[in-house]
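Coordinate inspection notes
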2 protein chains.
Amino acid sequence: MTSVLVVDDEPQIVRALRINLSARGYEVMTAYDGRSALGVAVEGKPDVVVLDLGLPDIDGVDVIAGLRGWSTIPIIVLSARTDSSAKVEALDAGADDYVTKPFGMDELLARLRAAVRRTVAREAGDPVVETASFVVDLAVKKVQRGGREVHLTPTEWGLVEILARNPGRLVSQKQLLQEVWGPMHVNESQYLRVYFAQLRRKLEDDPARPKHLITEPGMGYRFEL
Amino acid sequence: MTSVLVVDDEPQIVRALRINLSARGYEVMTAYDGRSALGVAVEGKPDVVVLDLGLPDIDGVDVIAGLRGWSTIPIIVLSARTDSSAKVEALDAGADDYVTKPFGMDELLARLRAAVRRTVAREAGDPVVETASFVVDLAVKKVQRGGREVHLTPTEWGLVEILARNPGRLVSQKQLLQEVWGPMHVNESQYLRVYFAQLRRKLEDDPARPKHLITEPGMGYRFEL
DNA sequence: CCCCGGCCTCAAGAACGCGTAAAAGCCGGA
DNA sequence: TCCGGCTTTTACGCGTTCTTGAGGCCGGGG
């Protein structure tokens, strides 16, 4: 299910959006200020964010920057300001679209569909990553090894998923910890050692000499095909 | 260079866009009707399309469909119709954005940047820096020399990364020390000597006569391609 | 000619990060 | 309540990396 984070300080707008979005099968999260919006975004990993710019605590542009710091989630800005400088500012800060209030619900929903479609298209590319030893199916969240399915715990899968989405790339310890354990645990690199040992035991032919789950000492980990 | 296909049957709009886009460094292609637009798109493979919906020959939505049949190029629709049903129709046909005429050039350019930014982020082909002796891949954080991968320690990589991002430019000792060792060690120029010796041993064909990792005595270091 | 600053080289101990194992804590379901 | 699976914590040995100091080289200036 596609999840949407709605951020606005006007309850009636949040309510209207929640009703319309839920009715169309979206999962809806909400936030009423910038600070909690960033928190909810980290926790809930929404597929798209609808963001009002006139928030009470943080400037809208800073909220965009805060999201863009770690994510490429599409952001659709809602704002009462119609002047082009506001639009330019928001779009250049990293927003994907800009809709002025009052807005037509039909149009907003269409723009939302367009935004989601783009990211789906981006990630749709063969959601299966294959190595000589095992196969990762990102769509159904399963791993096979020698024809047999390998059971992974949620944490293990979290790591495998991030790595498999970045084949060949070095992924920093910080990024892994951030995305799997949350921003509070970015220094617990011991977790990574424990879990990578576990994953190697489950997936590598020779866990002591891994061919695919590679450690880059001091930097991070790499998923070699 | 980013290329833009502008499709509109009103010459003055095409001209205005051509001038503004060229001035900002875009490569501009043009078409005045739907049929030729599809042809030019196939030939020129633009990075983004600005499409007027009121074309003389083909209905705008069909042009979108014609493009979407084989491509995911971002499409920004221009249209005089402000009713939401028109917007919904175009967006659901596959358009990425919808701007109503008359439009502000600033805003259109910002939306165009947003559209391009998305696809660049998506396709970001590895930024690779290549010399006669070795290859630095900044995205995956790897260095190759003569087909074989060279292992770099975190500190070594830190130096190579900074230099490779500034090819040909002189980078001061202070900057290198600051970025790799932190502000506390900007005077430890001995570190640089030790590590550059190490890097030259790993990367240069003749470490005693470096061709790429050049010392500028008293100033800093330079990465020659 | 000699001195000196800056650079290169080498080597050794300290510090760090990794892998591994095993115990302890924390649920949720039977 | 007990059990089993999963996560978090602790401990230790080991190899690698970083830091540091000493010595040699080179070129420019006195």
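In this report, we go over the structure that sits alongside the text.

Cut-off values and rules
The numbering scheme is per chain: residues are counted from 1 as the chain's sequence reads. Chain letters start at A and ligand numbers start at 1, both assigned in the order the entries are written. A pLDDT threshold of at least 70 governs which residues receive local features in this predicted model, and a stricter bar of 80 or more applies before side-chain atom pairs are shown or counted, although totals over entire chains, interfaces and linings include all residues. Note that water and hydrogens are dropped before the side-chain values are worked out from all heavy atoms of the structure. Secondary structure elements follow DSSP: runs of H or I of four or more residues count as helices, runs of E of two or more count as strands, with numbering from the N terminus. Each residue is placed in one exposure class: buried if its accessible area under a 1.4 Å probe, protein chains only, is under 20% of its type's maximum, exposed if it is over 50%, and partly exposed if it falls in between. Only heavy atoms matter for contacts: two residues are in contact if any of them lie within 4.5 Å across the pair. Where accessible areas are quoted, they stem from the Shrake-Rupley method and a 1.4 Å probe; at the residue level, only the protein chains shown are allowed to cover. For two strands to be treated as a pair, DSSP must find at least two bridges joining them. For helices, the fitted line uses only the C-alpha atoms of the stretch in contact; every axis is such a line through C-alpha atoms, and the angle between N-to-C directions lies from 0 to 180 degrees. To sort the angles, those under 35 degrees are grouped as roughly parallel, those over 145 as roughly antiparallel, those from 65 to 115 as roughly perpendicular, and the leftovers as oblique. For any helix crossing, the convention is left-handed if the near helix is rotated counterclockwise from the far helix by under a right angle, and right-handed if that rotation is clockwise. Note on definitions. A residue lies near a molecule or strand when any single heavy atom of the residue is within 4 Å of it. Within 3.5 Å is the distance limit for a polar contact, defined as a pair of N or O atoms, with the added protein rule that one can donate a hydrogen and the other accept it, and that residues adjacent in sequence qualify only through two side-chain atoms. Amino acids are sorted into nonpolar (Ala, Val, Leu, Ile, Met, Phe, Trp, Tyr, Cys and Pro), charged (Asp, Glu, Lys and Arg) and polar (every other residue, Gly among them).

Thoughts on the overall build of chain A
Each helix and strand in chain A was counted, giving eight helices and twelve strands. Taken over 225 residues, chain A has a buried fraction of 45%. Taking the contacts inside chain A whose residues are at least 6 apart along the sequence as the reference set, 54% of them involve residues at least 24 apart. For chain A, the accessible area works out to roughly 10,700 Å², and carbon and sulfur atoms hold 51% of it.

Details of the sheet that holds strand S11 (residues 213–216) of chain A
Residue and element names in this part refer to chain A. Spatial strand order, S10-S12-S11: three strands in an open sheet with antiparallel pairing. With one partner strand each, in any of the chains shown, strand S10 (170–172) and S11 form the two edges of the open sheet. In this sheet, neighbouring strand axes are inclined to one another by 30 degrees on average, regardless of whether the strands run parallel or antiparallel. Packing of helix H6 (residues 154–165) onto the sheet brings it into contact with S10, S11 and strand S12 (220–223), and relative to S12 it is tilted by some 65 degrees.

Let's talk about the packing of helix H3 (residues 60–68) of chain B against helix H4 (residues 84–93) of chain B
Residues and elements named next belong to chain B. For the pair H3 and H4, the least separation of the axes is 9 Å and the interaxial angle reads 15 degrees. Between H3 and H4, the angle falls in the class roughly parallel. H4 is crossed by H3, and the crossing has right-handed handedness. Taken together, the residues of H4 that come into contact with H3 (itself represented by Val61, Ile64 and Arg68) are Glu89, Ala90 and Ala93.

A closer look at the protein's contact with DNA strand C
Near DNA strand C you find 19 residues, and of these Gln173, Arg193 and Thr215 of chain A together with Arg193 and Gly218 of chain B are the closest. Within 4 Å of the protein, the contacting atoms of DNA strand C are 68% sugar and phosphate, with bases supplying the remainder. Gln173 of chain A is positioned such that a nitrogen or oxygen atom in its side chain is 2.9 Å from a phosphate oxygen of DNA strand C. Mapped onto the surface near DNA strand C, the elements with two or more residues apiece are helix H8 (189–203) of chain A together with helix H8 (189–203) of chain B. Looking at the surface near DNA strand C residue by residue, the class counts come to seven nonpolar, eight polar and four charged.

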